[in-house]
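Listed below, chain by chain, are the residues.
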Amino acid sequence: LLALVHGIVQMVERGAAVARNVHKNDSGQGPIYGTIALILLLVLSTLAIEPIRRKCYEAFFVPHFFMLAAVALAMVHARVVLWLMIAPLVLFVLDKVMMVINAARKYRVASLVPTSGGTRLTVEKADHAPFQFEAGQYFFVNIPAADPMQWHPFTVASAYLARDPELC
């Protein structure tokens, strides 16, 4: 929202031609990079609308990789964004590293039940050790036989001390 307000204010103050300017200024590169970043953010925001997100999760999830391009363009557009994005980018990289590490763990599907609002899934660890989870946690589930690249979010729907969690 702030990026949109910033873009509108800049166009009102300097005219619509400012959005196509590629010349370097004292705070970063030309506004064209900010304009492209804003367009990418607007596409992401549109795809996050609940009916789109619910009906076609991939149309919501896959374009999130555009976010990396939007952040990179915003950093080129204004140097201050570089400093503001260091901590979030470090957290993003750590999250992806943890996702790769956790993806190597093997689980067995104990039950899979379609429901009116989605799917209820019960999983077991391959070594039958108890799970450790907390309320509000979620898992990304991948079934390689169906599609090795497709991951779906499931929320833990079990009691804290349950041996095998149910995911919804």
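Since the structure is predicted, the reported quantities are computational estimates derived from the model, not experimental observations. (Residues numbered from 1 in each chain as written. Predicted model: local features only at pLDDT ≥ 70, side-chain atom pairs only at ≥ 80, totals over all residues. Heavy atoms only, no water.)

## Considering the overall build of the chain
Phase 1: Of regular secondary structure, the chain possesses six helices and five strands.
Phase 2: When the helices and strands of the chain are listed from N to C terminus, the series reads α-α-α-α-α-α-β-β-β-β-β.
Phase 3: Among the 168 residues that make up the chain, the fraction classed as buried is 20%.
Phase 4: Contacts in the chain between residues at least 24 apart in sequence constitute 43% of all its contacts with a sequence separation of at least 6.
Phase 5: If you sum the accessible surface of the chain, you get close to 12000 Å²; carbon and sulfur atoms cover 68% of it. (Helix = DSSP H or I, 4+ residues; strand = E, 2+ residues; numbered from the N terminus. Buried < 20%, exposed > 50% of the residue type's maximum accessible area, 1.4 Å probe, protein only. Contact = heavy atoms within 4.5 Å. Areas by Shrake-Rupley, 256 points an atom, 1.4 Å probe, with all protein chains shown as cover.)

## What about a nonpolar patch on the surface?
Phase 1: A surface patch of nonpolar side chains, about 700 Å² in accessible area, is lined by Val62, Phe65, Leu68, Phe92, Val93, Val97, Met98 and Ile101.
Phase 2: Tallying contributions element by element places helix H6 (residues 79–103) first for the nonpolar patch, with five residues.
Phase 3: Judged by its relative accessible area of 45%, Met98 is partly exposed. (Patch = residues over 30% accessible without salt bridge, like charges linked within 9 Å, V, L, I, M, F, W, Y side chains within 5 Å. Salt bridge = Lys/Arg side-chain N within 4 Å of Asp/Glu carboxyl O.)

## Points about the nonpolar core
Soluble globular proteins tend to pack their nonpolar side chains together in the buried interior.
Phase 1: Residues Leu121, Val123, Phe131, Phe133, Val141, Phe154 and Val156 constitute the largest nonpolar core, which totals seven residues.
Phase 2: Grouped together as the second largest cluster of nonpolar side chains are five residues, Ala37, Leu40, Ala70 and Ala74 included. (Core = buried A, V, L, I, M, F, W, Y, C linked by side-chain atoms within 4.5 Å.)

## Section: the packing of aromatic side chains
Phase 1: By the definition in use, this model includes one aromatic pair.
Phase 2: Here the aromatic rings of Tyr138 and Phe140 are separated by 5.6 Å at their centres, their planes lie at 85 degrees, and the arrangement is edge-to-face. (Phe/Tyr/Trp six-rings, centres within 6.5 Å; stacked < 30°, edge-to-face > 60°.)

## Examining the pattern of salt bridges
Any two side chains of opposite charge can pair, on the condition that their charged atoms come close.
Phase 1: For the coordinates displayed, the defined rule picks out one salt bridge.
Phase 2: For the salt bridge of Lys96 with Asp95, the shortest nitrogen-to-oxygen distance reads 3.8 Å.
Phase 3: Since its relative accessible area comes to 30%, Lys96 is described here as partly exposed.
Phase 4: Using a relative accessible area of 40% as the deciding quantity, one classes Asp95 as partly exposed.

## Describing the packing of helix H5 (residues 66–77) against H6
Phase 1: Between H5 and H6, whose axes approach to 7 Å, the crossing angle comes to 150 degrees. Here H6 runs roughly antiparallel to H5, going by the angle between their axes. Contacts from Leu68, Val71, Ala74, Met75 and His77 of H5 reach H6 at Arg79, Val81, Leu82, Met85, Leu89 and Phe92. (Axes fitted to C-alpha atoms, helices over the stretch in contact; angles between N-to-C directions. Parallel < 35°, antiparallel > 145°, perpendicular 65-115°, else oblique.)

## Quick look at the packing of helix H2 (residues 31–47) against H5
Geometry of a packed helix pair, given as the angle between the helix axes and the separation of the axes.
Phase 1: Remark: H2 packs on H5, axes separated minimally by 8 Å, with the N-to-C direction vectors making an angle of 155 degrees. Put simply, H2 runs roughly antiparallel to H5. The hand of the H2/H5 crossing is left-handed. Seen from H2, the contacting residues are Pro31, Tyr33, Gly34, Ile36, Ala37, Leu40, Leu41 and Leu44; seen from H5, they are Phe66, Met67, Ala69, Ala70, Leu73, Ala74, Val76 and His77.
Phase 2: Residues belonging to the contact of H2 with H5 are distributed by class as follows: 14 nonpolar, two polar and no charged. (Left-handed = near helix turned anticlockwise from the far one by under 90°. Nonpolar A, V, L, I, M, F, W, Y, C, P; charged D, E, K, R; others polar.)

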